[in-house]
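Remarks on the overall topology
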Amino acid sequence: QFSHSTLTQTLGEGSPLTLTVSDRLIELVVQRKDYLRAHLLTIETLKIRSRVYGDNHPLVAESLSLIGRIWLHQKQYNQAADVLAQCLGIYSLYPPTGEFPALLARYSLGAALQGAIKYYEAEEHYRQVIQDLEQYYGESHFLLPHVLRNLGWLLRQTGRDRAATETNKKAQQLAEAALRH
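Each chain has its residues counted from 1, following the order in which its sequence is written. In keeping with the predicted nature of the model, local features appear solely for residues at pLDDT of at least 70, side-chain atom pairs appear and are counted solely at 80 or more, and the whole-chain, interface and lining totals rest on all residues. To obtain the side-chain values, all non-hydrogen atoms of the structure were used and water was disregarded.

Glancing now at the overall build of the protein. Where helices and strands are cited, they refer to DSSP runs of H or I of at least four residues and of E of at least two residues respectively, numbered from the N terminus. Check the secondary structure of the protein and you find nine helices and zero strands. Two things to know: the radius of gyration comes from C-alpha atoms, and the globule rule equals 2.2 Å times the number of residues to the power 0.38. For 181 residues, the compact-globule formula gives about 16 Å, and the C-alpha radius of gyration of the protein, at 18 Å, lands near that figure. For the protein, the C-alpha atoms occupy an extent of roughly 55 × 35 × 35 Å along the three principal directions. Burial statistics for the protein: of 181 residues in total, 43% are counted as buried. Contacts spanning at least 24 positions in sequence make up 54% of the contacts within the protein whose residues lie at least 6 apart. Total accessible area on the protein stands at roughly 9,800 Å², and carbon and sulfur atoms take up 53% of it. Think of it this way: Lys and Arg go in the positive column, Asp and Glu in the negative one, and His and the chain ends go nowhere. Lysine's charge is taken at NZ, arginine's at CZ, aspartate's at CG and glutamate's at CD. Averaging the positions of the 19 positive and the 18 negative side-chain charges in the protein gives two centres separated by 5 Å. Buried means the residue's accessible area, taken with a 1.4 Å probe over protein chains only, is under 20% of the maximum for its type, while exposed means over 50%, and partly exposed covers the values in between. Note on contacts: a residue pair is in contact if any heavy atoms of the two residues lie within 4.5 Å. Shrake-Rupley sampling with a 1.4 Å probe provides the accessible areas, and residues are treated as covered by the protein chains on show and by no other component.

Multiplying one less than the number of residues by 1.5 Å gives the expected span of a helix. Counted at 1.5 Å a residue, the expected span for helix α3 (residues 35-53) with its 19 residues is 27 Å, and the 26 Å between its end C-alpha atoms agrees. Listed as buried for α3 are Tyr 35, Ala 38, His 39, Leu 41, Thr 42, Thr 45, Leu 46, Ile 48, Arg 49 and Ser 50. After α3 finishes, the residue Gly 54 shows a positive phi value of roughly 100°.

A word on the packing of aromatic side chains. Note on aromatic pairs: each is described by the distance of the centres and the angle between the planes. Aromatic pairs are defined between Phe, Tyr and Trp rings, using the six-membered ring for Trp, whenever the two ring centres lie within 6.5 Å; interplanar angles under 30 degrees are classed as stacked, those over 60 as edge-to-face, and all others as tilted. Following the criterion strictly, the structure yields three aromatic pairs and no others. Between Tyr 107 and Tyr 126, the ring centres sit 6.0 Å apart and the planes meet at 45°, which makes this aromatic pair tilted. Placement of the pair is Tyr 107 in helix α6 (residues 100-115) and Tyr 126 in helix α7 (residues 119-137), with a sequence separation of 19 residues. Here the two residues Tyr 107 and Tyr 126 agree in accessibility, since each one is buried. Judged by centre distance (5.7 Å) and plane angle (80°), the rings of Tyr 119 and Trp 153 are edge-to-face. In this pair, Tyr 119 is assigned in helix α7 and Trp 153 in helix α8 (residues 144-157), connecting sequence segments 34 residues apart. For Trp 153, a relative accessible area of 39% puts it in the partly exposed group.

Right, dumping it as structure tokens:
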């Protein structure tokens, strides 16, 4: 049974290890689809991070990203988009924004906007993630085919079938290349 208080008493409230372990445990709770518990644990972690590091610290952004992804799992797209936009605002204070946590938050924001049927806004975020992944990690990053597939779906939904087909083809090629390596 996980307890923030036990972990905090042992390692200290602002200990990076305490916060990292908290994040991993929250991710396990999310995998078990216990979203209410995950949300409450994430809010508790967010409060600690804000108190220890200040409201505009990248670790606060990580907690906001987790909250946004929890909302996304629950199909609460507008709430997810609001929190993820706040998260990206914090990450933008700490360039470069091509680091993976910021890219994951931007990808999640694209998915939230797509779920909220804000396709053109979602497209902007997907294209930025694709550009940053290719720039910082190359075409072999595991997230790239997923982003391309989402962009392909979105392109098809907005009547751009040719672009959707090309995007999906590239996603498939990258996914197959990843399997070969």
